[in-house]
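# An overview of the molecular structure
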Amino acid sequence: MDVRDQVAIHEAMEQQTISITKAGVKAVLNARTSILAAANPIGGRYDRSKSLQQNIQLSAPIMSRFDLFFVLVDECNEVTDYAIARRIVELHSRQQESVEREYSLEEIQRYIGFAKKFKPRITPESQEYIVEEYKKLRQRDANAMSKASWRITVRQLESLIRLSEAMAKMVCEDKVKVAHVKEAFKLLNKSIIRVETPDINLEEEQDVSQADEAMETEQNENLRITFEDYRKISNILILHMREYEDKHKDSDSEGALRKKDLTTWYLEQMESAIEGENDMVTQRNIIHKVIDRLVKVDNVLLEMTLPEDDSADNPFLVVHPNYVIE
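In this report, the structure presented in the accompanying data block is examined. (Residues numbered from 1 in each chain as written. Predicted model: local features only at pLDDT ≥ 70, side-chain atom pairs only at ≥ 80, totals over all residues. Heavy atoms only, no water.)

Under the counting rule described, the total for this entry stands at two aromatic pairs. Relative to Phe69, the ring of Phe66 has its centre 5.7 Å away and its plane inclined at 65°; by these criteria the two rings are edge-to-face. For the pair shown, Phe66 and Phe69 are each scored as buried. Between Phe114 and Phe118, the aromatic rings sit 5.2 Å apart at their centres with planes inclined by 85°, giving edge-to-face as the arrangement. Overall, Phe114 belongs to the partly exposed group, its relative accessible area being 43%. (Phe/Tyr/Trp six-rings, centres within 6.5 Å; stacked < 30°, edge-to-face > 60°. Buried < 20%, exposed > 50% of the residue type's maximum accessible area, 1.4 Å probe, protein only.)

Enumeration according to the criterion identifies eight salt bridges in this entry. For the salt bridge of Glu14 with Arg65, the shortest nitrogen-to-oxygen distance reads 2.2 Å. Highlighted residues: Glu14 in helix 1 (residues 3-14) and Arg65 in the loop between helix 3 (60-63) and helix 4 (78-94), separated in sequence by 51 residues. For Glu14, a relative accessible area of 42% corresponds to the partly exposed category. (Salt bridge = Lys/Arg side-chain N within 4 Å of Asp/Glu carboxyl O. Helix = DSSP H or I, 4+ residues; strand = E, 2+ residues; numbered from the N terminus.)

Moving on: the sheet that holds strand 7 (residues 257-258). Ordered by their spatial adjacency, three strands build an open sheet running 7-9-8, and the pairing between neighbours is antiparallel. The outermost strands of the open sheet, each flanked by one partner alone, are strand 7 and strand 8 (301-304). Bridge analysis of strand 7 against strand 9 (residues 316-319) gives two bridges, and the strand direction is antiparallel. If you follow Leu257 over to strand 9, its bridge partner there is Leu317. Running at roughly 100° to strand 9, helix 10 (residues 227-247) makes contact with strand 7, strand 8 and strand 9 of the sheet. (Pairing = 2+ DSSP bridges. Contact = heavy atoms within 4.5 Å. Axes fitted to C-alpha atoms, helices over the stretch in contact; angles between N-to-C directions.)

Here it is in structure tokens:
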């Protein structure tokens, strides 16, 4: 999202005003309305390995001011694609005849106008339930391994209250009951999106002959890790490398670390969790593949060549200076 657009929408959501300057005249208009916004991900495709904020380039202060977020991932599905295509073709061929409406536009307008007249109040039971559910959201957010669309703050508590009042208005009630809070919590809980990232296949870039196909299948099972585990291993390696670089920046290697030394250090840290020789071999293969992926795919690590260094299979590694651990 463009920075100028972010400034404009931030003013509308924070101060409930819009400033317009034209022909030397500056005007400030009130902007007290609900906001329904849509955004396309960068490059036109949602990247599951990145957070929602990184996909749409929207600042955290603006995101926290929205009550609900929903991510629609366009995945290839033969049944779904057929149904969508057929529906669009019917709309173009028959237009109004293919649109089935349960209620007319006038009926919907009358219902919305009538529901707006209600000003529901929260009952004591609903207040206690709201507090308990907010505590659960905060606790889950603190213990979550995967990234949510936002961090759970008091703004989400205010969102829960607004949604509960809206649920009561929908059924034309004067009081916000526990049932309304439960429905609002379900809605808020579904919108706190944790888009599941696919597992990392560490063997996907290797070419294996057909004679070794059976062995490849067995290795793929062992060398396929979740994205959370991949991110965890990467962060451990990067933190160690930066610490090592700070301590040895005046050495001949300029703080760079050999690939084998980095592998050995990680296995020593994980020694208590390794069970047997086979597990040791598997973990060694995994850490080698993770390092290779950080170098060749993610470009987080850089291979550094020093004069008179012939160790091509054991290069010096440094962390990219612009990389920031999330």
